[in-house]
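# Commentary on secondary and tertiary structure
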Amino acid sequence: MATRTPAAHARGVLIGLLVLLLGMGGLLAFAVQDGRAQWAPLLALDLEGGTQMVLSPQVDGGEEIDEEQLQQAVEVIRQRVDGSGVTEAEITTQGGENVVVGLPGTPDAETRELIQASADMEFRPVLRAEQDMAFLEELLAEEEDLSEEDAEALEEQLDGTEEEEQAQPEDFEEPTAEPENGSDPNWITPQVAADFANFECSSEISLEDRAESSPDEPLVSCDPESGMKYLLGPVAVPGTNIEDSSFGMEQSGAGQSTGRWAVTINFDAEGTEAFSDTTTRLLGLEAPRNQFAIMLDGQVISAPTTQAAIVDGRPQITGDFTEDEARGLSEQLRYGSLPISFEIESEQQISATLGEEQLRLGLLAGIIGLVLVAGYALFQYRTLGLVTIVSLVVAGVMTWWAIALLGWSDGYRLSLAGIAGLIVAIGLTADSFIVYFERIKDELREGRSLPGAVEAGWSRARRTILASKAVNVIAAVVLYLVAVGNVRGFAFTLGLTAIIDVILVFLFTHPLMQLVARRKFFAAGKKFSGLSEKELGVDVLYRGSGRFGRRQQSGSAETLSQSAPAAALAGTSAGSLPSSPLRPSAGAAGDAREDRVQEVPEISESEWSQMTIAERRRARAAASRQQDTDETEEGR
Amino acid sequence: MAANFAKAGNQLYTGERAYPFIQRSNLWFILAAVLILASIAVPFFRGGFNLGIEFTGGSEFTVSQTENTDIAVGQDAVEEVSGQEAIVTNVAPGTVRVQTEELSDTETLEVADALQQGYGVSAEQVSSTFIGPVWGEQISEQMLLGLIVFVVLVALYMAFYFRTWTMSIAAMLGLAFVVIVTVGIYAATGFEVTPSAIIGFLTILSYALYDTMVVFDKIRENVDGLRSQLDQTFTERVNLAVNQTLVRSINTSVVGILPVGSILFIGSLLLGAGTLRDISLSLFVGIIVGTLATIFIQAPLYARMRRNDTAIRSHTAEVLALREQRGVHAVTSSGMALDAAGQPTVFPPLPEPEPEGELEDDDEYQVIIQAPHEH
């Protein structure tokens, strides 16, 4: 490494960047080919049209909601929205306390209510249970890759029941007496029986069905996972009587783990009593009436069989759970203890027309901003400004692809605020180049050759750029974490572009400058190169082989560079090398003192320009150590 | 012109041309104090801020691409449905904004309908927003939290990077100035304060500190070599750093302002009120205040805080005493010597060491020889 010339190194780095860019583009092209991604970034609702609602959870009695419960609430909303036939709904939590729902178009009143309503949990005794054949058929149709054996078994089951007429209440017998308890078959009126027979299991529950269900009446429902449908008695224990729920390995009587996952429910006093009554009653009944169903939001999530009368209010549900299933059930139970409803904090409906207009104008603003910055760069830095422009273009392509890739991998959508962030970033990105170019100019003013100035300027600009970009990244991360609503997009693009900017300065702008510095046009400081005498604002002489020098006058001009503060403090950068041909020969006492200030007196300029940054840094460090020693001695 | 700018850049770099940013700090501080007081007082006189609907709660409708921009149509529509007086503004060509107090769901739909008919546009062209009354508060709380976290993180980061608390504290005090003055400007001009504007404020902080980092990094570089020379004082070196980065500061703020200005232009003239205008307006104000604060507040503040360190005081005294001896009576604010005609010149050689100084010279000589053995 150390022996490579800067130019070779620069070419290597540029090839590296090219590989990175091709990799990104290739990955995106591959995903687009596959139909999983698209070239254009995904657009957020404010650009595409649609409705965005920010909801805050409401709990009775002002109890605290934890992240898990909120997540569960989001799950419930998602199921409801999906069930209502709205596609492409986006539901996320933000800041740990809000739920953001994005829907295309304008949601009707029903959908809005569905989103806001709380989901109740109930425990109901099972009166009848039956496999929903239509559900199985559908399952069969959907899953063609079902194993043959399973498929056969399913079909056999289906063949057995081929009466597909609507059952009528008249077909069923009237109950013989008033129901005595929750498990009494007398709950089954002909109407309920017919409903049960006609019931088709699906994950959709209409608002009317929801409104109809009453805790004191029997209910027909099903488990949309398995397709089992249930005729259930009135509510035995409401979910609000649950105090807590946990899951873990089942313990046998001897206190040893059985290796099976179990979910434990803790009921409060009221719940304990009610549950004790129910289980005592269910224990003596025949299947399926010894089961009770745990319902969440109108659907059966589990229907365990009673194996003992639970009098202590701590039932344990076991089964062939995986750890995840056990955790899921336990979380649902915890959620059930605290039904969360939602209040709409803000709702924004953007018509597609307005969205389109905002996108168009946002892009227009971006283009204007870009053109203005490019123009200013050319004005200030002449041909060198082209380096800025090319860098901005590469940064633009990289940002675009990164956003498209993020849209594919994480569903990131570009919002209007995000576009604002991108436009603001143009200025911040261009600033890295300004810091860098100004440093190069400073080094040229010190009398360095252009390649030397590029190296020396870079080693200092790099530090400044990294340090200041870090501030931007910290800000973007903090903003992203605390922001709610569409403003998050702004923080995101701001952070993304700061990182891309750093990558770019290191992998593109600097190597490009290293190569450019070897072109005669720039090195010789031709007119309009941005580095000409006039443009540098310094009286420089073209000294051949790409070197500038100050005029050798006996007067003030050349000595300026000497005792002017610039030289002294550039100090650290070997600003005035003793062997430099530019150095005036005046050997005054002041110079004698300055000689001590210069750090690396033993290296000639030609050697110096051949050295790598690392070598220079070492030389400089060594020299300054020595200098420090001098000073301490001097101080005595 | 660019060439002149470049020439000025060179003179600023050498110290030949120098603006007394640090030396005049008393003046800047007095101005800053006046601005801060005004910024605090203005909200009281004007009765607070022009808070956006996000903070007051209510409903907002935007009718876009309409030919009829008559304000009365919007007022009538709301009047009919809910009997309220609505604030209707023609925010941009072809765009009308209607703000009302909180409406129920059905009322919202009805007003949207009435607006559609009134302006003769399709349902596609009416957008509506509803905001609950606590929403803005929640956002402000989150932002305040963000502000505190950010300031603490950056203060730690700067202290770590510069290895000194003084720079960090000077930067943070300057930041407070930026925040207060920007808020004051908002109060004085009656610009609408919306969550987007508040996000803009937070971004300003990042921008202002970014700018400060660059200038402070140069100061650090200049001050690092302070003790190894006896030509310039601490103050002059800090001032030199500010002058050396002046061209960059100007270029940076121009380059920063240009894109922000284009969003502001598009946002306020063509799109009307909204995310774009609010973010860019606060950034526009903030970039200017932030750049000025770095030069006039933060850097001088740092110099102030360090100036009275014993080491720096003795160094300054030594430099000034030497200047007397060397016959340098005039220097630029960045510490370049001037001759009798006011032209930049070289510092005369340091006075010959006094007789007993010869011993010191011997010491130094010996040290140079010894040094390699020590490492």
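What counts as what
Residues numbered from 1 in each chain as written. Chains lettered and ligands numbered in written order. Predicted model: local features only at pLDDT ≥ 70, side-chain atom pairs only at ≥ 80, totals over all residues. Helix = DSSP H or I, 4+ residues; strand = E, 2+ residues; numbered from the N terminus. Buried ≥ 20, exposed ≤ 12 C-beta atoms within 10 Å, placed from the backbone. Contact = placed C-beta atoms within 7 Å. Pairing = 2+ DSSP bridges. Axes fitted to C-alpha atoms, helices over the stretch in contact; angles between N-to-C directions. Left-handed = near helix turned anticlockwise from the far one by under 90°. Nonpolar A, V, L, I, M, F, W, Y, C, P; charged D, E, K, R; others polar. Core = buried A, V, L, I, M, F, W, Y, C linked by C-beta atoms within 7 Å. Expected span 1.5 Å × (residues − 1). Bend = angle between axes of the 7 residues up to and from the residue. Arc of directions from axis to C-beta. pLDDT = per-residue confidence, 0-100. Parallel < 35°, antiparallel > 145°, perpendicular 65-115°, else oblique.

Now for the overall build of chain B. Secondary structure assignment for chain B yields 13 helices and eight strands. Per-residue burial over chain B gives 53% buried out of 375 residues. Counted over contacts in chain B with a minimum sequence separation of 6, partners at least 24 positions apart contribute 76%.

When helices and strands are tallied, chain A shows 22 helices and 17 strands. Within chain A, contacts between residues separated by at least 24 positions form 71% of all contacts whose residues are at least 6 apart in sequence.

We now examine the sheet that holds strand S5 (residues 126-131) of chain B. In sheet architecture, strand pairing relies on hydrogen bonds along the backbone and comes in two forms, parallel and antiparallel. Taken in spatial order, the eight strands make up an open sheet running S3(A)-S4(A)-S2(A)-S14(A)-S5(B)-S2(B)-S4(B)-S3(B), and their pairing is antiparallel. Every other strand in the sheet has two partners, leaving strand S3 (90-94) of chain A together with strand S3 (87-92) of chain B as the edge strands with one partner each. Within the sheet, the average angular offset between the axes of one strand and its neighbour, ignoring direction, is 20 degrees. Taken together, the five bridges between strand S2 (residues 50-58) of chain A and strand S4 (residues 98-103) of chain A define a ladder with antiparallel strand orientation. Following the sheet pairing, Thr51(A) is matched in S4(A) by Leu103(A).

What follows covers the sheet that holds strand S10 (residues 257-267) of chain A. Residue and element names in this part refer to chain A. Spatially, S9-S10-S13 is the arrangement adopted by the three strands of the open sheet, whose pairing is antiparallel. The open sheet has two edge strands, strand S9 (242-251) and strand S13 (316-318), and neither has a second partner. Across the sheet, the mean angle from the axis of one strand to that of its neighbour is 25 degrees, orientation sign disregarded. Pairing analysis gives eight bridges linking S9 to S10, with the strands arranged antiparallel. Its bridge partner being in S10, Ser 245 is matched across the sheet by Ile 265. Of the strands in this sheet, S9 and S10 touch helix H10 (residues 323-336), which is tilted by about 165 degrees from S9.

Comment: phi is negative for the bulk of residues other than glycine, and the bulk of peptide bonds are trans. A positive phi angle, close to 50 degrees, is found at Arg382(A), a residue other than glycine. As for its placement among the helices and strands, Arg382(A) is situated in the loop between helix H11 (352-381) and helix H12 (384-410). The class of Arg382(A) is buried, set by 20 C-beta atoms lying within 10 Å. Even without glycine at this site, Arg163(B) takes up a positive phi of about 55 degrees. Its place among the elements puts Arg163(B) in the loop between helix H6 (135-162) and helix H7 (165-189).

All names here are of chain A. At a minimum axis distance of 8 Å, the contact between helix H13 (residues 416-445) and helix H14 (residues 450-482) shows a crossing angle of 145 degrees. Here the hand of the crossing between H13 and H14 comes out right-handed. On H14, the residues touching Leu 428, Ser 432, Val 435, Tyr 436, Arg 439, Ile 440, Asp 442, Glu 443 and Leu 444 of H13 are Leu 450, Ala 453, Val 454, Ala 456, Gly 457, Trp 458, Arg 460, Ala 461, Thr 464, Ile 465 and Asn 472. Its residues assigned to classes, the contact of H13 with H14 shows twelve nonpolar, four polar and four charged.

Turning our attention to the nonpolar core. By size, the foremost hydrophobic cluster in this structure holds 146 residues, and its most contacted members are Ala420(A) and Ala299(B). Excluding residues within four positions of it along the chain, Ala299(B) makes contact with Phe21(B), Ile22(B), Val215(B), Ile219(B), Val238(B), Val242(B) and Thr294(B). By size, the runner-up hydrophobic cluster in this structure holds 63 residues, among which are Ile77(A), Leu103(A), Phe135(A) and Val192(A).

As a further point, take H13(A). Residues and elements named next belong to chain A. Taking 1.5 Å of rise per residue, the 30 residues of H13 would be expected to cover 44 Å, and the 44 Å separating its terminal C-alpha atoms lies within 8% of that figure. Considering bend angle alone, the principal kink of H13 is centred on Ala 425 and spans about 30 degrees. The element H13 is largely enclosed, with a buried count of 30 among its 30 residues. Count one or two residues on from H13 and you reach Gly 447, which has phi positive near 95 degrees.

All names here are of chain A. Here strand S11 (residues 292-296) pairs with strand S12 (residues 299-302) via three bridges, running antiparallel. Across the sheet, the residue bridging to Met 295 is Val 300, located in S12. Hairpin connection of S11 to S12: two residues between the antiparallel strands, including Asp 297 at a positive phi of 55 degrees.

Residue and element names in this part refer to chain A. In this model, helix H9 (residues 269-283) (15 residues) spans 21 Å end to end at C-alpha, consistent with the 21 Å of a helix rising 1.5 Å per residue. Among all positions in H9, only Gly 271, Thr 272, Phe 275, Thr 278, Thr 279 and Leu 282 are buried. Across the axial projection of H9, the buried residues extend over an arc of 140 degrees, all falling on one side. Lining the buried residues of H9 we find strand S5 (121-131), strand S8 (237-238), S9, S10 and S11.

With that settled, the discussion passes to the confidence of the model for chain B. All names here are of chain B. Of all residues in chain B, 90% have pLDDT values of 70 or greater, and the mean over the chain is 80. Confidence drops under a pLDDT of 50 for residues 356-375, and excluding neighbours within four residues, the segment shows 16 contacts in the predicted structure. ipTM for the predicted complex: 0.78, alongside a pTM of 0.67.

Moving on, we come to the pairing of S5(B). Within S5(B), six of the six residues are buried, which leaves the element mostly enclosed by the surrounding structure. Sheet topology places strand S14 (residues 341-350) of chain A next to S5(B); four bridges connect them, and they run antiparallel. Its bridge partner being in S5(B), Gln348(A) is matched across the sheet by Thr129(B). Alignment of strand S2 (residues 58-63) of chain B against S5(B), held across six bridges, turns out to be antiparallel. Across the sheet, Ser59(B) pairs through a bridge with Phe130(B), a residue of S5(B).

Looking now at the environment of Ile169(B). Residue and element names in this part refer to chain B. Here Ile 169 shows up in helix H7. With 16 C-beta atoms counted inside 10 Å, the residue Ile 169 sits in the partly exposed group. The spacing of Ile 169 and Ala 155 is 14 residues in sequence and 7.2 Å in space, taken between C-alpha atoms.

Considering every residue of chain A, the mean pLDDT works out to 74; 72% of them sit at 70 or more. Within the model, pLDDT remains below 50 along residues 539-597 of chain A, and this stretch shows 131 contacts once partners closer than five positions in the same chain are excluded.

Let's shift gears to the packing of H12(A) against H13(A). Residues and elements named next belong to chain A. Where H12 contacts H13, the axes come no closer than 10 Å and their chain directions differ by 140 degrees. Between H12 and H13, the angle is such that the two are oblique. Two packed elements cross with a definite hand, and for H12 against H13 that hand is right-handed. When H12 is examined against H13, the residues Leu 384, Thr 388, Ser 391, Leu 392, Ala 395 and Thr 399 are found in contact with a partner set consisting of Leu 422, Ile 426, Thr 429, Ala 430, Phe 433 and Phe 437. The class makeup of the residues in the contact of H12 with H13 is eight nonpolar, four polar and no charged.

In this section: the environment of Phe437(A). Residue and element names in this part refer to chain A. Mapped onto the fold, Phe 437 is located in helix H13. Residues Phe 437 and Met 513, spaced 76 residues apart in sequence, show a C-alpha to C-alpha distance of 9.5 Å. Every residue in contact with Phe 437, bar those within four places of it in the chain, is listed here: Tyr 381 and Leu 384.

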